[in-house]
Amino acid sequence: MNNDCSELKKTEWVRAAMDRYAGPLTRYATLITGDRELAQDVVQDVLVRLCAEQPEQVDAHLAQWLFRVCRNRALDVQRKQSRMEPLSDLELNMQASPEPSPATQAERREAAGEVLELMASLPKSQQEVLRLKFQNGLSYHDISSVTDLTVSNVGFLIHTALKTIRRQLQPKPGTREDPLRRWT
Amino acid sequence: MKMNPDDPRLTAYALGELGEAQRKAIEAELDSAVECRHEVEEIARTAALLDAALAAEPLPGLTYAQQLAIQAKLKPGSIKAETRKRSLLTAFREASLIGRAAVCAAVAVVLVALIAVPWFAAHPPTNPRRAPSPIAKAARPVQIVGQASSPAPRPSSPVGETVKPVQGDGAEDSDEAFARWAAPYRRLQIPLVPLEEAASYRPPEILPMQTAPAIRHGRT
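Residues numbered from 1 in each chain as written. Chains lettered and ligands numbered in written order. Predicted model: local features only at pLDDT ≥ 70, side-chain atom pairs only at ≥ 80, totals over all residues.

**Side note on the overall build of chain B**
Counting secondary structure elements, chain B contains 7 helices and 2 strands. Each helix and strand of chain B, placed in order from N terminus to C terminus, yields the pattern α-α-α-α-α-α-β-α-β. Within the span of chain B, comprising 220 residues, buried residues form 11% of the whole. Relative to all contacts within chain B whose residues are 6 or more apart in sequence, the contacts with residues 24 or more apart total 70%. (Helix = DSSP H or I, 4+ residues; strand = E, 2+ residues; numbered from the N terminus. Buried ≥ 20, exposed ≤ 12 C-beta atoms within 10 Å, placed from the backbone. Contact = placed C-beta atoms within 7 Å.)

Listed below in structure tokens is the structure:
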């Protein structure tokens, strides 16, 4: 009877985790792998691994655990892909490009707006910590355990990324509107 | 000491990442640093901007097949847990007549198997009775040439196993039984001679092997 209860509880726990985190994890894995389908495979793998875990051991730091496993798995997949496609579009998409093509620029504007476009031009490590912080609500400490960076490093990356975005959003000479004011 | 507006601690403060002590220390410094206060406001505004922009991003998910694959990992446990809620007795009561009969038959088969398998394991089948050697009571005792003759030869079967004749067995004197007994000796071309003729028995002369004629190759 106790077994049944714990199994049922675990099933509900995994389902809840899937409902809550499948989307954010897929988005995060897409950032690393650069490919939506690969990212989905990675997230499936992560959630299958979660099925083998004991809720009482993971639940206290579930988000950390999921993002950490997702990151490691996505990096594995990305390394394998890089070996197979050394100079593919995938590789190019992963790097911050100083001058994206006009088509890409328009697409980005439409999809995510100016801020996301600016964010996409940041180094990958900064994009990653920004997403973990602002999109997934992880603390500096959580991000540190997910990415294996020190808390100070995480703080510095976020600080630098915010400063860069802010500087680029400053009103340009000849314009009256402050983009920061427009958004807030 | 004057605070630097480019200090990462300001960002940490604006994002609520500092502990109580550090937060109070920063607030004390901010009281006297207008530029840093302005910096904190700007950081908070940029953070809100990022929050909004990232929240507007479409949220991808797993495909239906992937969700099913994950749930399949949980299925054995969940099915087990759900099916156990209904007791077996309740399920039996709810079953149709044919269903009940099938369950009874299955239970009977399992019970028979449970009883029969250990019983057969404990009582293995015995060897079938061998045909008695006809020699023991044969009217004409037979001497196998090449074996030492004894006054009362106790014949043994070709495999060297002594076989006791079975009293009252109608087959013991039959020619058929004798033929069966003698068959291995005959296959090996060992002559069987009646006992009274054994003393005067002369084996056939073994002729030396002739060399094979040379084969001539070529036309004949």
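**Concerning the overall build of chain A**
Within chain A one finds 10 helices and 0 strands. The secondary structure elements of chain A, listed N-terminal to C-terminal, are α-α-α-α-α-α-α-α-α-α. By residue count, 34% of the 184 residues in chain A fall in the buried class. Sequence separation of at least 24 residues holds for 63% of the intrachain contacts in chain A that already meet a minimum separation of 6.

**Looking at the interface of chain B and chain A**
Counting residues at the interface gives 33 residues for chain B and 38 residues for chain A. Breaking the side of chain B that touches chain A down by element, the ones donating at least two residues are helix 1 (8–14), helix 3 (34–55) and helix 4 (64–83) of chain B. No other element matches helix 3 of chain B, which puts 12 residues into the side of chain B that touches chain A. Here the side of chain B that touches chain A is composed, by residue class, of 17 nonpolar, 8 polar and 8 charged. (Nonpolar A, V, L, I, M, F, W, Y, C, P; charged D, E, K, R; others polar.)

**Describing unusual backbone geometry**
The phi torsion at Asp148(A) lies on the positive side, around 65 degrees, for a residue other than glycine. Structurally, the position occupied by Asp148(A) is in the loop between helix 8 (140–147) and helix 9 (151–169).

**Looking at the nonpolar core**
Residues and elements named next belong to chain A. Within the largest apolar cluster, 54 residues are counted, with the highest numbers of intra-cluster contacts made by Leu 25, Ala 29, Val 43, Val 46, Leu 47, Leu 66 and Cys 70. With 10 residues, helix 1 (residues 2–33) is the largest single contributor of residues to this core. The contacts of Leu 66, once residues within four sequence positions are left out, are Tyr 21, Leu 25 and Val 46. (Core = buried A, V, L, I, M, F, W, Y, C linked by C-beta atoms within 7 Å.)

**What to know about the packing of helix 9 of chain A against helix 3 of chain B**
For the pair helix 9 of chain A and helix 3 of chain B, the least separation of the axes is 10 Å and the interaxial angle reads 85 degrees. Taken as axis vectors, helix 9 of chain A and helix 3 of chain B run roughly perpendicular relative to one another. Contacts from Leu162(A), Ile165(A) and Arg166(A) in helix 9 of chain A reach Glu42(B), Ile43(B), Thr46(B) and Ala47(B) in helix 3 of chain B. For the contact of helix 9 of chain A with helix 3 of chain B, a count of residues per class yields 4 nonpolar, 1 polar and 2 charged. (Axes fitted to C-alpha atoms, helices over the stretch in contact; angles between N-to-C directions. Parallel < 35°, antiparallel > 145°, perpendicular 65-115°, else oblique.)

**A few points about helix 9 of chain A**
One turn of the α-helix equals 3.6 residues, which is why residues spaced by three or four share an orientation. Here helix 9 of chain A contains 19 residues, and its C-alpha end-to-end distance of 27 Å stays within 8% of the 27 Å for a straight helix at 1.5 Å per residue. Every buried residue of helix 9 of chain A is listed here: Val154(A), Gly155(A), Leu157(A), Ile158(A), His159(A), Ala161(A), Leu162(A), Ile165(A) and Leu169(A). (Expected span 1.5 Å × (residues − 1).)

**Considerations on the confidence of the model for chain A**
All names here are of chain A. Here chain A averages 81 in pLDDT, while 74% of its residues score no lower than 70. Here helix 5 (residues 89–94) stands out as the element of chain A with the lowest mean pLDDT, 41, in contrast to helix 8, whose mean of 95 is the highest. Counted against residues more than four places away or in other chains, residues 86–98, with its pLDDT under 50, gives 12 contacts. (pLDDT = per-residue confidence, 0-100.)

**Side note on the packing of helix 7 (residues 124–135) of chain A against helix 3 of chain B**
Close contact between helix 7 of chain A and helix 3 of chain B brings their axes to 9 Å; oriented N to C, the two are set at 85 degrees. When the interaxial angle is binned, helix 7 of chain A and helix 3 of chain B end up roughly perpendicular. Across the interface between the two elements, Leu130(A), Arg131(A), Phe134(A) and Gln135(A) of helix 7 of chain A pack against Ala47(B), Leu50(B), Asp51(B) and Leu54(B) of helix 3 of chain B. For the contact of helix 7 of chain A with helix 3 of chain B, a count of residues per class yields 5 nonpolar, 1 polar and 2 charged.

**Notes on the confidence of the model for chain B**
Residue and element names in this part refer to chain B. Put simply, chain B has an average pLDDT of 73, and 61% of its residues get 70 or more. Scored below 50 in pLDDT, residues 148–168 makes 23 contacts in the model with residues more than four places away or belonging to other chains. As a predicted assembly, this complex carries a pTM of 0.55 together with an ipTM value of 0.74.

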